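As a plain string of letters, each chain reads:
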Amino acid sequence: MNASFEERLTELETRLAFLDSTVQSLDATVAAQDRILIELRREIAQFRSELGRVNSVLAQDARDEPPPPHY
């Protein structure tokens, strides 16, 4: 092999190693973000449930309640 070919091959191998490292890093980042999204979706569902309960309590008409005992 001539020197030019070996230099080109070495450059390609270096780039491939860098790309492989970058892909692994991005994969780890995406996996971490996926875990965060799953947790956030669970929390949002919990908040919606709690908000629904609060809204149902607040939506009750005060006229439906019995009068206080001092009346």
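A few points on the structure. (Residues numbered from 1 in each chain as written. Predicted model: local features only at pLDDT ≥ 70, side-chain atom pairs only at ≥ 80, totals over all residues. Heavy atoms only, no water.)

1. A short note on the overall build of the protein chain
So the rule is basically this: Secondary structure elements follow DSSP: runs of H or I of four or more residues count as helices, runs of E of two or more count as strands, with numbering from the N terminus. We compute the radius of gyration from the C-alpha atoms alone; for a globule the expected value is 2.2 Å times N to the 0.38, where N is the number of residues. Think of it in three bands: residues with accessible area under 20% of the maximum for their type are buried, residues over 50% are exposed, and the middle band is partly exposed, with areas taken using a 1.4 Å probe on protein chains only. Accessible surface area values rest on a Shrake-Rupley calculation with a 1.4 Å probe, where residue burial reflects the displayed protein chains alone.
For the protein chain, the count of helices and strands is 1 helix and 0 strands. The C-alpha radius of gyration of the protein chain comes to 31 Å, more than 25% above the 11 Å expected for a compact globule of 71 residues. When its C-alpha atoms are laid out on the principal axes, the protein chain stretches across 105 × 15 × 10 Å. Split into buried and exposed, the 71 residues of the protein chain put 0% on the buried side. Here the protein chain has roughly 6,900 Å² of accessible surface; of this, 60% comes from carbon and sulfur atoms.

2. Overview of the pattern of salt bridges
Selection criterion: Counted as salt bridges are all cases of a side-chain nitrogen of Lys or Arg within 4 Å of a carboxyl oxygen of Asp or Glu.
Under the definition given, this model contains 2 salt bridges. For Glu11, the salt bridge identified is with Arg15, shortest N-O distance 3.0 Å. Separated by 4 residues within a single helix, Glu11 and Arg15 lie in helix α1 (residues 3–58), roughly one turn from each other. A salt bridge links Glu39 to Arg42, with the nearest nitrogen and oxygen atoms 2.6 Å apart. Note that Glu39 and Arg42 are positioned in helix α1 at a spacing of 3 residues, about one turn of the helix.

3. Quick word on a nonpolar patch on the surface
Just so we agree on the cut-off: Patch membership requires more than 30% relative accessible area and the absence of a salt bridge. Residues of like charge join within 9 Å; the nonpolar side chains Val, Leu, Ile, Met, Phe, Trp and Tyr join within 5 Å.
A cluster of nonpolar side chains, contributed by Ile36, Leu37 and Leu40, occupies part of the molecular surface with about 270 Å² of accessible area. Looking at where Leu40 falls in the secondary structure, it is placed in helix α1.

4. Section: the environment of Glu11
Since its relative accessible area comes to 39%, Glu11 is described here as partly exposed. Residues Glu11 and Arg35, 24 residues apart in the sequence, show an inter-C-alpha distance of 36 Å.

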